[in-house]
Amino acid sequence: MWVSIRDNCVGCGACAVISPEVFEMHGRKATVNQNHVHWNEDDCIDAAITCPVNAIQIDDY
Ligand code: SF4
């Protein structure tokens with residue numbers, strides 16, 4: 001699984017609450033720590049569903 005943040009992220013912080021190991025806030029944008037995705041895939045999916053602007057993109061390798 002590959003997780004990335006689209007440019008339309010509004011910095012609400014919800015993803016970083018759901019999975020702080022994967023998502024970190026840098027200013028008004030979320031960033032992804034790809035090294036931690038593998039062990040947190042379910043949380044990544046939850047974050048993508050929860051994101052209010054659908055800014056979390058999840059792709060298969
Ligand atoms: S939940 Fe979506 S809008 Fe909110 S910080 Fe994360 S990526 Fe950005």
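Structure report, in brief. (Residues numbered from 1 in each chain as written. Predicted model: local features only at pLDDT ≥ 70, side-chain atom pairs only at ≥ 80, totals over all residues. Heavy atoms only, no water.)

1. Considering the nonpolar core
As a reminder of what qualifies: Nonpolar core, defined: a set of buried Ala, Val, Leu, Ile, Met, Phe, Trp, Tyr and Cys residues in which side-chain atoms within 4.5 Å join the residues together. To sort residues, take the accessible area from a 1.4 Å probe on protein chains only and compare it with the maximum for the residue type: under 20% means buried, over 50% means exposed, and anything in between is partly exposed. The secondary structure listing takes helices from DSSP runs of H or I that are at least 4 residues long and strands from runs of E that are at least 2 residues long, numbered from the N terminus. Contacts are assigned to residue pairs that have any heavy atoms within 4.5 Å of one another.
Membership of the largest hydrophobic core comes to 15 residues, with the highest contact counts inside it found for V3, C15, F23, V37, C44 and I56. Of all elements in the fold, only α1 (14-18) and α2 (41-50) reach the threshold of two or more residues within this core. Per-element accounting of this core gives the leading share, three residues, to α2. If we ignore the near neighbours within four places in the chain, the residues touching V37 are M1, V3, V22, V32 and C44.

2. Notes on the side chain of S19
For S19, the position within the fold is in the loop between α1 and β2 (23-26). Excluding residues that lie within four positions of it along the chain, S19 makes contacts with N40 and D43.

3. Considering unusual backbone geometry
For N54, which is not a glycine, the phi torsion comes out positive at approximately 55°. Assignment of secondary structure puts N54 in the loop between α2 and β4 (56-59).

4. Let's talk about the site of the ligand
Here is the rule: Whether a residue is near a molecule or strand depends on its heavy atoms: if one lies within 4 Å, it is near. Polar here means any residue outside two lists: the nonpolar Ala, Val, Leu, Ile, Met, Phe, Trp, Tyr, Cys and Pro, and the charged Asp, Glu, Lys and Arg; Gly therefore counts as polar.
As a matter of local geometry, the ligand sits amid C9, V10, G11, C12, G13, A14, C15, M25, A30, C51, V53 and I56. Along the lines of polarity and charge, the residues of the shell around the ligand split into ten nonpolar, two polar and no charged.

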